[in-house]
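# Examining the three-dimensional arrangement
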Amino acid sequence: AQSVTQPDIHITVSEGASLELRCNYSYGATPYLFWYVQSPGQGLQLLLKYFSGDTLVQGIKGFEAEFKRSQSSFNLRKPSVHWSDAAEYFCAVAPGFNAGNNRKLIWGLGTSLAVNP
Amino acid sequence: KAGVTQTPRYLIKTRGQQVTLSCSPISGHRSVSWYQQTPGQGLQFLFEYFSETQRNKGNFPGRFSGRQFSNSRSEMNVSTLELGDSALYLCASSLAGQGVDIQYFGAGTRLSVL
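Please read all numbers here as calculations on a predicted model, not as lab measurements.

Another point: the overall build of chain B. Secondary structure summary: chain B contains 0 helices and 11 strands in total. Overall, chain B shows an N-to-C arrangement of helices and strands of β-β-β-β-β-β-β-β-β-β-β. Its C-alpha atoms give chain B a radius of gyration of 13 Å, near enough to 13 Å, the size a compact globule of 114 residues would have. Taking the principal axes of its C-alpha atoms as reference, chain B extends roughly 40 × 25 × 25 Å. Relative to its full complement of 114 residues, chain B shows a buried share of 53%.

Dropping the structure here:
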């Protein structure tokens, strides 16, 4: 069965420090991969996505992620964290193109990020 | 362009009651998906509607139902509410071509069942 694992439930970093949030997926083929962010009381906002091509993708707010097929990972990174980045981060997977017309995103349980001033 | 709008933002109901949640997608988006978000289970897919037809369905009991109107607005209904139905219900809309496209989320409706 397809699954997404975010190993870190909660992470605390200092403002200005670098950040890496981990995401591992279980899926037979190459999936479509997403990172979303959820601020308190808000819906989910797309940070970045990987469909194909360059395995290093750039997103909004200075975030990037790298798809590593050999490790079934799609880790999110930011070189310098800002206090406003404190939020919940979700990794999600959708079946790849050959899986047909399927929009059922499968989600990790999220990583809560706290930023110390 | 206006985003995805969900109403109401908050609801308090008692066990056994039923509830209807509403979602207005981004203009031009034809697909609406619903998700349930709880601290223990995370985000779980409920169903997706496209052109007034349910196209995908998650593993939820029949008490959870939905529909989509000709203007792509969607409603979700939960009958015979249980305490475990307390959650944040998120709606997402997308253009809905073939394959996977980007989903845009509303702020959600927080349902509390007492």
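Back to the text.
A word on the interface of chain B and chain A. Taken together, the contact pairs 27 residues of chain B with 22 residues of chain A. Summed over both partners, the interface of chain B with chain A buries about 2000 Å², with 57% contributed by carbon and sulfur atoms. Joining chain B to chain A, the criterion identifies 2 residue pairs in polar contact (both at pLDDT 80 or more). Element by element, the count of residues in the side of chain B that touches chain A is highest for strand β5 (residues 42-50) of chain B, at 4 residues. Class assignment of the residues belonging to the side of chain B that touches chain A gives a composition of 10 nonpolar, 12 polar and 5 charged.

Right, let's talk about the sheet that holds strand β8 (residues 74-78) of chain B for a bit. Residue and element names in this part refer to chain B. Taken in spatial order, the 4 strands line up as β1-β3-β8-β7 in an open sheet, and their pairing is antiparallel. One side of each edge strand has no neighbouring strand; the edge strands of this open sheet are β1 (5-7) and β7 (64-68). On average, each strand axis in the sheet is inclined to that of its neighbour by 20°, with strand direction left out of account. Examined bridge by bridge, β7 and β8 share 5 bridges and lie antiparallel to one another.

Along the chain, Ser74(B) falls in strand β8. If sequence neighbours within four positions are ignored, Ser74(B) has contacts with Leu21(B), Ser22(B), Cys23(B), Val32(B), Trp34(B), Tyr49(B), Arg67(B), Gln68(B) and Phe69(B).

With that out of the way, let us pick up the pairing of strand β10 (residues 87-94) of chain A. Side-chain positions along a regular strand alternate between the two faces of the sheet. All names here are of chain A. Judged by how many residues are buried, β10 sits mostly within the fold: 7 of 8 residues are covered. Of the pairings in the sheet, the one linking strand β5 (residues 32-38) to β10 comprises 7 bridges and is antiparallel in character. Directly across from Gln38, in β10, lies its bridge partner Glu88. Alignment of β10 against strand β12 (residues 111-116), held across 3 bridges, turns out to be antiparallel. Bridge assignment links Tyr89 to a residue of β12, and that residue is Thr111. Taken together, the 2 bridges between β10 and strand β11 (residues 106-107) define a ladder with antiparallel strand orientation. Looking across to β11, one finds that Val93 is bridged to Ile106.

As a further point, take unusual backbone geometry. Residue and element names in this part refer to chain B. Of the consecutive residues Thr7 and Pro8, the connecting peptide bond is found in the cis state with omega at -10°. Positioned with a positive phi, Glu52 is a non-glycine residue whose angle comes to about 70°. If you trace the backbone, Glu52 turns up in the loop between β5 and β6 (53-57). Classification of Glu52 by relative accessible area gives partly exposed; the value is 48%. Residues other than glycine seldom take positive phi values, yet Ser72 does so here, at roughly 80°. Here Ser72 is to be found in the loop between β7 and β8.

The rules behind these values
- Residues numbered from 1 in each chain as written.
- Chains lettered and ligands numbered in written order.
- Predicted model: local features only at pLDDT ≥ 70, side-chain atom pairs only at ≥ 80, totals over all residues.
- Heavy atoms only, no water.
- Helix = DSSP H or I, 4+ residues; strand = E, 2+ residues; numbered from the N terminus.
- Rg over C-alpha atoms; globule rule 2.2 N^0.38 Å.
- Buried < 20%, exposed > 50% of the residue type's maximum accessible area, 1.4 Å probe, protein only.
- Contact = heavy atoms within 4.5 Å.
- Buried area = accessible area lost by both parts, 1.4 Å probe.
- Polar contact = N/O pair within 3.5 Å; in protein donor to acceptor, adjacent residues only side chain to side chain.
- Nonpolar A, V, L, I, M, F, W, Y, C, P; charged D, E, K, R; others polar.
- Pairing = 2+ DSSP bridges.
- Axes fitted to C-alpha atoms, helices over the stretch in contact; angles between N-to-C directions.

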